[in-house]
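# Residue-level structural notes
Take a look at the letters that make up each chain.
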Amino acid sequence: MDADEAGTAGDLAATDDMEYERVVVLNPVSGNGDHAEQVRELAAEHSFTILETREEGDAIEFAEQAAENGASMVAAAGGDGTLNEVVRGLVSADALDSVTFGVIPAGTGNNFAGNIGVTSIEHAFEVLERGERRRIDLGTANDRDFINSCVGGLTADASVETDSEQKERLGILAYVVNTLQLMADFDGVPLTVKASSEGEVSWSGDAVFVLVGNGRRFPAKGRTQANMEDGLLNVTIIEEMPAPNLVGEALLQRLFDAESDNVTHLHAPTVDIDIHRDQPVQFSLDGEMGEWDDLTLGVMPRALELPVGSAYEPVPGDQTNDGSGF
């Protein structure tokens, strides 16, 4: 089977002897699941080979094999978790210098796609063909990579309780809202955060959340794009507060005010998070969950090439009045 046949058929397996030029790794069940046929049709029109995932980890394998078999562009069609897996596959293939990564928004919130100026599936294919190529930073967390965010303190219960309307409106903060509401008696996690080249302690105490952004920053409303090319991570720490204060979206938005005593903002190329309790803490890397006893986060500066839409800002404008504190 050649690449064109695979693209038409939506072949599910990347084979060692198949040569690739341009590939779309499609998660057909991401978001509300109504995007797959449109992606297939547009991929065929633009001469992309389609590789469809069936289970977790497929996108990593497909991206790795596509890169090793000569692909010059590998695009991810899905939510932020699918994007994360494709990037990890490219990293595993040591292909960041030779392969362009593409973004086709087919998830629920599509936060990263919005941050790089990609507004729809159809627009994504236009950007893949003609969009400006930029090289952006890639975040690292211990042995894992992430492109958008690493968030600590989220729970499975909060993920289950978060509906699509909340995700659309608040993005990753929708999970924060629900976790705060579900965990009104949460004691907080004792942490030490080191975010300086000298390894000095930048913050220490009991935190409800630690939010680390690479592609995004964390205002409660307004444009969420971070500077993706500055070699720095954006860190927001929400401290433990009295239980009655942990309810409601209005409070959450006030929390991100620059003057809040309960929120700390940091910028750094490396961040060490030491957790001072016996149980590991749950972190979400681009929506992919894991548990760690401590994390060392860093940046691979301008490691990932991708086409961006016209709304992407290499240096986002001043947003100090949007509640982010940045």
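Here the structure is a predicted model, which means the values were calculated and not measured.

About the criteria used
Residues numbered from 1 in each chain as written. Predicted model: local features only at pLDDT ≥ 70, side-chain atom pairs only at ≥ 80, totals over all residues. Heavy atoms only, no water. Axes fitted to C-alpha atoms, helices over the stretch in contact; angles between N-to-C directions. Helix = DSSP H or I, 4+ residues; strand = E, 2+ residues; numbered from the N terminus. Parallel < 35°, antiparallel > 145°, perpendicular 65-115°, else oblique. Left-handed = near helix turned anticlockwise from the far one by under 90°. Contact = heavy atoms within 4.5 Å. Nonpolar A, V, L, I, M, F, W, Y, C, P; charged D, E, K, R; others polar. Core = buried A, V, L, I, M, F, W, Y, C linked by side-chain atoms within 4.5 Å. Buried < 20%, exposed > 50% of the residue type's maximum accessible area, 1.4 Å probe, protein only. pLDDT = per-residue confidence, 0-100. Phe/Tyr/Trp six-rings, centres within 6.5 Å; stacked < 30°, edge-to-face > 60°. Patch = residues over 30% accessible without salt bridge, like charges linked within 9 Å, V, L, I, M, F, W, Y side chains within 5 Å. Areas by Shrake-Rupley, 256 points an atom, 1.4 Å probe, with all protein chains shown as cover. Salt bridge = Lys/Arg side-chain N within 4 Å of Asp/Glu carboxyl O. Lys, Arg positive; Asp, Glu negative; His and termini not counted. Charge placed at Lys NZ, Arg CZ, Asp CG, Glu CD.

### Description of the packing of helix α3 (residues 58-68) against helix α4 (residues 80-92)
- Contact pair α3 / α4: the axes reach a minimum separation of 7 Å and the direction vectors enclose 40°. Classified by the interaxial angle, the pair formed by α3 and α4 is oblique. The chirality of how α3 crosses α4 is right-handed. Contacts between α3 and α4 involve D58, A59, I60, A63, E64 and A67 on the former and, on the latter, T82, E85, V86, R88, G89, L90 and S92.
- By residue class, the composition of the contact of α3 with α4 is six nonpolar, three polar and four charged.

### Considerations on the nonpolar core
- In this structure, V24, V74, F101, I104 and F125 are the most contacted members of the largest nonpolar core, which totals 53 residues.
- Beyond its immediate chain neighbours, meaning those up to four positions away, F125 contacts V24, V39, L42, A43, H46, F48 and I104.
- Core analysis: the second largest hydrophobic core is formed by 26 residues, V193, W203, V271 and I275 among them.

### Quick word on the confidence of the model for the chain
- Looking at the chain as a whole, its pLDDT mean stands at 82, while 72% of the residues score no less than 70.
- When the criterion is pLDDT under 50, residues 1-15 qualifies, and its contacts beyond four places in sequence or with other chains add up to 31 contacts.
- Confidence drops under pLDDT 50 across residues 319-326; counting only partners more than four residues distant or on other chains, this segment forms 25 contacts.

### Some words on the packing of aromatic side chains
- Inspection of every chain in the model, using the stated rule, returns two aromatic pairs.
- Measuring from ring centre to ring centre gives 5.9 Å for F48 and F125, while their planes differ by 80°; the resulting arrangement is edge-to-face. Of the two residues, F48 is situated in the loop between α2 (36-45) and β2 (49-52) and F125 in helix α6 (residues 121-130); the sequence distance between them amounts to 77 residues.
- On the accessibility criterion, F125 (1% relative accessible area) is buried.
- Where F283 meets W292, the ring centres are 6.2 Å apart and the plane angle is 70°; that geometry is what we call edge-to-face. No difference in accessibility class separates F283 from W292, as the two residues are buried.

### A look at a negative patch on the surface
- A contiguous patch of negative charge, built from E41, E45, E122 and E126, is present on the exposed surface.
- Mapped by element, the contributors of at least two residues to the negative patch are α2 and α6.
- Looking at the element boundaries, E122 is found in helix α6.
- When its relative accessible area of 48% is taken as the criterion, E122 is described as partly exposed.

### A look at unusual backbone geometry
- The backbone of S47 shows a phi angle near 60°, a positive value even though the residue is not glycine.
- Assignment of secondary structure puts S47 in the loop between α2 and β2.
- One non-glycine residue with positive phi stands out, namely D286, at about 55°.
- Looking at the secondary structure, you find D286 in the loop between β13 (281-285) and β14 (288-292).

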